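In case you want the letters, here they are:
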Amino acid sequence: MDAADVKSDLSEILYTSDQIAARLAEIAAEIDRDYAGRDVLLVGVLNGAIMVMADLQREMTSHVEMDWMAISSYGSGTQSSGVVRILKDLGTDIEGRHVIVVEDIIDTGLTLSYLMSNLASRNPASLEIMAMFRKPAAARIEVPVRYVGFEIPNEFVVGYGLDYAGRYRNLRDLAILAPHVHH
Ligand code: PRP
């Protein structure tokens, strides 16, 4: 889906699919360099990370494996509570592995903060985070993120894996959702 297909639902395009692709190519090259000679396991967090997982690893030139987790945060709908339930755990034993957690967005940071301590307790050889988007103004806890695509304003954004009520994940660009849609 292109922004033109849902034009009246969007108030601004923050990053086009071309800009996202160009930034991902830079990050992929950085990861290839940083992990030269080591096998990387990318851990994606469903559902939002599906687009960035697919695009990031195809830009990489070294071997990479992937696995997925599905989590659900307890608490009231739109706000992260930081208490997380694992709905689907990894199929891989990450002990001794070089793990990069791949996220579409870091908002409050609460989800990743929980996830990182959970994964760290499994004794990976290394554990880092790659997030396509981050909202610094929304942070409630600092999470050390090694690779960030773009820092974005604290607005309701959709596209490139990010949804509103299940929709807009398949929008190619990252856009601010118009207030009349979510109010
Ligand atoms: C989003 C996103 C992160 C989390 C970030 O997932 O993918 O996992 O929220 O928010 P936080 O930093 O405030 O904790 P969401 O719960 O919307 O599920 P989804 O990926 O299936 O859309």
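Everything below is about the structure printed above this text.
Criteria and thresholds
Residues numbered from 1 in each chain as written. Predicted model: local features only at pLDDT ≥ 70, side-chain atom pairs only at ≥ 80, totals over all residues. Heavy atoms only, no water. Helix = DSSP H or I, 4+ residues; strand = E, 2+ residues; numbered from the N terminus. Buried < 20%, exposed > 50% of the residue type's maximum accessible area, 1.4 Å probe, protein only. Contact = heavy atoms within 4.5 Å. Areas by Shrake-Rupley, 256 points an atom, 1.4 Å probe, with all protein chains shown as cover. Lys, Arg positive; Asp, Glu negative; His and termini not counted. Charge placed at Lys NZ, Arg CZ, Asp CG, Glu CD. Pairing = 2+ DSSP bridges. Near = heavy atom within 4 Å. Polar contact = N/O pair within 3.5 Å; in protein donor to acceptor, adjacent residues only side chain to side chain. Core = buried A, V, L, I, M, F, W, Y, C linked by side-chain atoms within 4.5 Å. Axes fitted to C-alpha atoms, helices over the stretch in contact; angles between N-to-C directions. Salt bridge = Lys/Arg side-chain N within 4 Å of Asp/Glu carboxyl O.

## Thoughts on the overall build of the chain
- Counting secondary structure elements, the chain contains 4 helices and 9 strands.
- Secondary structure elements of the chain occur, N-terminal to C-terminal, as β-α-β-α-β-β-β-α-β-β-β-β-α.
- Per-residue burial for the chain yields a buried fraction of 47% across its 183 residues.
- Taking all contacts inside the chain whose residues are at least 6 apart in sequence as the whole, residues at least 24 apart take part in 64%.
- Within the structure as shown, the chain displays about 9,100 Å² of accessible surface, and the carbon and sulfur contribution to it stands at 48%.
- Each charge class in the chain was averaged separately, 16 positive and 26 negative side chains, and the resulting centres sit 3 Å apart.

## Here's the deal with the sheet that holds strand S8 (residues 157-158)
- The strand order across the open sheet formed by 3 strands is S1-S9-S8, and the pairing between neighbours is antiparallel. Two strands close off the open sheet at either side, each with one partner strand: strand S1 (10-15) and S8.
- The sheet contact formed by S1 and strand S9 (residues 174-177) spans 4 bridges and is antiparallel. By the bridge assignment for S9, leucine 10 is matched with leucine 177.

## Comments concerning the site of the ligand
- Taken together, 15 residues surround the ligand, and among them Glu103, Asp104, Thr108, Gly109 and Thr111 come closest.
- A distance of 2.9 Å is found between an oxygen atom of the ligand and a backbone nitrogen or oxygen belonging to glycine 48.
- Here aspartate 107 contributes a backbone N or O atom positioned 2.9 Å from an oxygen atom of the ligand.
- When the free accessible area of the ligand is taken as 500 Å², the share hidden by the protein chains comes to 75%.

## Describing the nonpolar core
- Ranked by internal contacts, the top residues of the largest apolar core, which has 30 residues, are Ile20, Leu56, Met130, Met132, Phe133, Ile152 and Leu174.
- Only S1, helix H1 (17-34), strand S2 (40-46), helix H2 (50-59), strand S5 (98-106), strand S6 (126-134), strand S7 (147-151) and S9 provide two or more residues apiece to this core.
- With 5 residues, H1 is the largest single contributor of residues to this core.
- Discounting residues that sit within four places of it in the chain, methionine 130 has contacts with Leu24, Ile27, Val52, Leu56, Ile100, Val101, Val102, Glu103 and Tyr147.

## Remarks on the sheet that holds S7
- Reading across from one edge, S4-S3-S2-S5-S6-S7 is the order of the 6 strands in this open sheet, with mixed pairing throughout. Each end of this open sheet is capped by a strand with a single partner; those strands are strand S4 (84-88) and S7. Within the sheet, the average angular offset between the axes of one strand and its neighbour, ignoring direction, is 30 degrees.
- In terms of strand pairing, S2 meets S5 through 5 bridges, oriented parallel.

## So, the environment of tyrosine 168
- Tracing the backbone through its elements, the reader meets tyrosine 168 in the loop between S8 and S9.
- Note on tyrosine 168: relative accessible area 7%, which makes it buried.
- The sequence separation of tyrosine 168 and phenylalanine 156 amounts to 12 residues, and the corresponding C-alpha distance is 12 Å.
- The residues touching tyrosine 168, leaving out its near neighbours within four places in the chain, are Val6, Asp9, Val158, Gly159, Tyr160, Leu162, Leu177 and Val181.

## Some remarks on the pattern of salt bridges
- All told, the structure shown has 11 salt bridges when counted by the stated rule.
- The closest approach of N and O atoms between arginine 172 and aspartate 2, which form a salt bridge, is 2.9 Å. In this pair, arginine 172 is assigned in the loop between S8 and S9 and aspartate 2 in the segment before S1, connecting sequence segments 170 residues apart.
- One salt bridge connects glutamate 128 with arginine 146, and the closest N-O pair in it is separated by 3.3 Å. Here glutamate 128, found in strand S6, pairs with arginine 146, found in the loop between S6 and S7; they are 18 residues apart in sequence, far enough to count as distant.
- Given a relative accessible area of 40%, arginine 146 falls into the partly exposed group.
- Taken together, the shared-partner salt bridges in this structure form one network comprising Asp34, Glu128 and Arg146.

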